[in-house]
Amino acid sequence: MPREIITIQVGQCGNQIGLKFWEQALREHRNQLLYDDALSSFFRNGEMDGEIFEEYPLGSEINDLKARAIVVDMECGVINNKILNGELSDIFEARQVVSDQSGAGNNWAQGHFEYGPMYEEEIMDKVRCATEKCDSLQGFVFLHSLGGGTGSGLGTYLLKSVGNEYVNNFKFSTCVFPSPENDDVAVSPYNSMLALNCLIEYSDCVLPIENQSLFDIVKRIDDLDKYKKNPYGTSLNKKIAKDMAMADSKGGATITDSKGMGHHFERENTIVAHVINNLTSSMRFEGSLNVDMNEITMNLVPYPKLHFLVSSLSPLYQLINKKCDPRSLDQSFLDALDPNYQLVKTDPMKSLYLACGLIVRSKTIEISQVNRGVETLQDKINMIYWNKEGFKVGICKKPPINQDYSILSLCNSTGIRGVFKALLSKFQKLYKHKAYLANYEKFGAERDLFDECEENCAQLISNYAQLEMENGKEVEEESLEEMSFEPIV
Ligand SMILES: Nc1nc2c(ncn2[C@@H]2O[C@H](COP(=O)(O)OP(=O)(O)OP(=O)(O)O)[C@@H](O)[C@H]2O)c(=O)[nH]1
Ligand SMILES: [Mg+2]
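What UniProt records for the protein under Sequence similarities (unreviewed entry) is the sentence "Belongs to the tubulin family."

So, in structure tokens, the structure goes:
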């Protein structure tokens, strides 16, 4: 059975989220003694012998764990400070890392057309090295943002390179979409659209995460937290305290400092890492009903290009603040339909669902409880007419640390088109004025490419709309058919 997953984390955002994910995953496996099949999906076990990492076989005691990860950034700050010299430096080997000095300057084209060809060979060599250490490679998880230059441009370049070489292994992309209201990168709509164009074509499954959703969740946590009344102590005068609270809650401090010192999306990334942890939990631990990422992709993506998932996690607010949000199990199932629990904002009641996945983590949950939760959801949502039963459920018997249970829902729903519509309109506002285009043309991103991206995004939006229309018609016809059996009175 295919097993190992290789994570490719690119750019500042990809690496900061990656780091949080590895940190949480390590904590979850802290008390484990033996290196088993499940653990080997994300980690290698062994010991350093000089420069070489000597691998131990399955079934051996856990010694040194190394992440099956490729770490790439064209700026060296995060890599030097946090990856190679941070608390988790032991789980990365220098040979897994590729970095440069100056970054891609928030320019997709520089990341894609300059750094792509420049670093392709070096990075792909590292990818090959990582795959050679796998018994049976399952696929790749990419972590990156879309709004900057490296994660967006080079990240999508690597997605293509990996796709060309590993045709039969899935490519799963976890991507952070810039906040439309609070982003420091003026050209982020260009970068995101250029990246989206590649994701539509080359990724098997995308988990979009909107920074605005993360900021809103964090703000709600702050609003709920009584301690936050005066978080900055009594010695500060009220005005400074107020300004800081404002900046924090808007994500303002986060944004203006995103490339420098200060707040580094700490809480936002903690949330994303929890999502990835839940997503991968049933691969990392033995469970009664395991689903791997291959199955998720297979079950949730009925049309190849409509492969964008809406995720929500519950309990959510407690992850950051223990005092928030106690949820009952039944409530947690329903949170799958609450935009306040979604990592990308959609309107569940106005969406058509093509397929849904639930990953439930609990030691004690019974199948009957899960079935009841699924039935409640089925009653509430509008599922496409040919897939009324389209729920895929995974159960992992190991709950997250400090929680009794958690439910991650992953839905393929037409509601996601709102995200693309908003992005397209932001893009068009800039493109209409041909703003900043010279910066992109300089690196080989011509207007043809911009036009292509615009068309493909519009096409994607219309594909979702079409499904809604067709479903409406089918449902109408079905009910007419039913009616035709009624006795005529
Ligand atoms: N959630 C989250 N968003 C981030 C983080 N770091 C940056 N961003 C967002 O990502 C976008 C910028 O991308 P970065 O990842 O900083 O850029 P990069 O990939 O390093 O590319 P360059 O620096 O341009 O070479 C903006 O929308 C930021 O708000 C992070 O750690 N977490
Ligand atoms: Mg950067």
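1. Concerning the packing of aromatic side chains
Each aromatic ring pair is described using two quantities: the centre-to-centre distance and the angle formed by the ring planes. One pass over the structure, following the stated rule, counts 19 aromatic pairs. Ring centres of Phe308 and Phe420 lie 4.9 Å apart, and the angle between their planes is 75°; this geometry places the pair in the edge-to-face category. Here Phe308, found in the loop between α10 (293–300) and β10 (310–314), pairs with Phe420, found in helix α13 (residues 417–432); they are 112 residues apart in sequence, far enough to count as distant. You'll find Phe308 and Phe420 in the same group, each marked buried.

2. Points about the packing of helix α3 (residues 108–132) against helix α4 (residues 150–165)
Orientation of α3 relative to α4, taken along the N-to-C sense of each, is 45°, at an axis distance of 8 Å. Judged by the inter-axis angle, α3 sits oblique to α4. Along this stretch, α3 crosses α4, giving a crossing that reads as right-handed. For the pair formed by α3 and α4, the contact residues are Trp108, Gly111, His112, Tyr115, Gly116, Pro117, Glu120, Ile123, Met124 and Arg128 on the first element and Ser152, Gly153, Leu154, Thr156, Tyr157, Leu158, Lys160, Ser161, Val162 and Glu165 on the second. Here the contact of α3 with α4 is composed, by residue class, of nine nonpolar, seven polar and four charged.

3. Things to note about the site of ligand 1
Near ligand 1 you find 23 residues, and of these Gln16, Ala104, Asn106, Thr150 and Asp183 are the closest. The contact in question runs from an oxygen atom of ligand 1 to an N or O atom on the side chain of Glu75, over 3.2 Å. Within the contact set of ligand 1, an oxygen atom lies 2.9 Å away from a side-chain nitrogen or oxygen of Ser145. Considering ligand 1 on its own, with 640 Å² of exposed area, one finds that the protein chains cover 99% of that surface. Among the elements that take part in the shell around ligand 1, helix α1 (residues 11–28) stands out by supplying four residues, more than any other.

4. Here's the deal with the sheet that holds strand β8 (residues 170–177)
Within the open sheet, the six strands sit side by side as β6-β5-β1-β7-β8-β9. Their pairing is parallel. The open sheet terminates on both sides in strands that have one partner only, identified here as β6 (97–99) and β9 (205–210). The sheet shows a mean angle of 15° between the axes of neighbouring strands, taken without regard to direction. Across four bridges, strand β1 (residues 4–10) lies against strand β5 (residues 69–73) in parallel orientation.

5. Description of the environment of Leu146
Here Leu146 is to be found in the loop between β7 (137–145) and α4. Measuring from C-alpha to C-alpha, the distance between Leu146 and Asn106 comes to 9.7 Å, with 40 residues separating the pair along the chain. Setting aside anything within four residues of it in sequence, one finds Leu146 in contact with Ser152, Cys175, Val176, Phe177, Asn191, Ser192, Ala195 and Leu199.

6. Quick word on the sheet that holds strand β2 (residues 43–49)
Neighbouring strands of a sheet are bound in pairs by backbone hydrogen bonds; such pairs are parallel or else antiparallel. Pairing within the open sheet is antiparallel, and its three strands lie in the order β3-β2-β4. Every interior strand has two partners, whereas the edge strands, β3 (52–55) and β4 (64–67), have only one. When strand polarity is set aside, the average angle formed by the axes of neighbouring strands in this sheet is 60°. Across four bridges, the pairing between β2 and β4 is antiparallel. Looking at the pairing, Arg44 lines up with Lys66 of β4.

7. Focus on empty space enclosed by the protein
The final tally for this structure, using the stated rule, is one cavity of 30 Å³ or more. Volume-wise, the largest cavity comes out at about 50 Å³. Contributing to the lining of the largest cavity are Val291, Ile296, Leu300, Gly357, Leu358, Ile359, Lys392, Gly394 and Leu410. Among the secondary structure elements, those contributing two or more residues to the lining of the largest cavity are α10, β11 (352–362) and β13 (391–396). Considering each element in turn, the lining of the largest cavity owes the most residues, three residues, to β11. Looking at the lining of the largest cavity, its residues break down into six nonpolar, two polar and one charged.

8. Some remarks on the pattern of salt bridges
Counted by the stated rule, this structure contains 23 salt bridges. One salt bridge connects Glu121 with Arg128, and the closest N-O pair in it is separated by 3.6 Å. A relative accessible area of 23% places Arg128 in the partly exposed class. Across the pair Arg447 and Glu441 runs a salt bridge whose closest N-O atoms are separated by 3.4 Å. When its relative accessible area of 37% is taken as the criterion, Arg447 is described as partly exposed. Given a relative accessible area of 29%, Glu441 falls into the partly exposed group. Salt bridges sharing partners connect three or more residues here, namely Arg3, Glu4, Asp37 and Asp135.

Calculation rules
- Residues numbered from 1 in each chain as written.
- Chains lettered and ligands numbered in written order.
- Predicted model: local features only at pLDDT ≥ 70, side-chain atom pairs only at ≥ 80, totals over all residues.
- Heavy atoms only, no water.
- UniProt positions renumbered as here; feature names shortened; annotations may be inferred.
- Phe/Tyr/Trp six-rings, centres within 6.5 Å; stacked < 30°, edge-to-face > 60°.
- Helix = DSSP H or I, 4+ residues; strand = E, 2+ residues; numbered from the N terminus.
- Buried < 20%, exposed > 50% of the residue type's maximum accessible area, 1.4 Å probe, protein only.
- Axes fitted to C-alpha atoms, helices over the stretch in contact; angles between N-to-C directions.
- Parallel < 35°, antiparallel > 145°, perpendicular 65-115°, else oblique.
- Left-handed = near helix turned anticlockwise from the far one by under 90°.
- Contact = heavy atoms within 4.5 Å.
- Nonpolar A, V, L, I, M, F, W, Y, C, P; charged D, E, K, R; others polar.
- Near = heavy atom within 4 Å.
- Polar contact = N/O pair within 3.5 Å; in protein donor to acceptor, adjacent residues only side chain to side chain.
- Areas by Shrake-Rupley, 256 points an atom, 1.4 Å probe, with all protein chains shown as cover.
- Pairing = 2+ DSSP bridges.
- 1 Å grid on protein atoms, 1.4 Å probe; cavity = no way out; pocket = protein on both sides within 12 Å on 5 of 7 lines; lining within 4 Å.
- Points joined across faces, edges and corners; volume = space filled by probe spheres on them.
- Salt bridge = Lys/Arg side-chain N within 4 Å of Asp/Glu carboxyl O.

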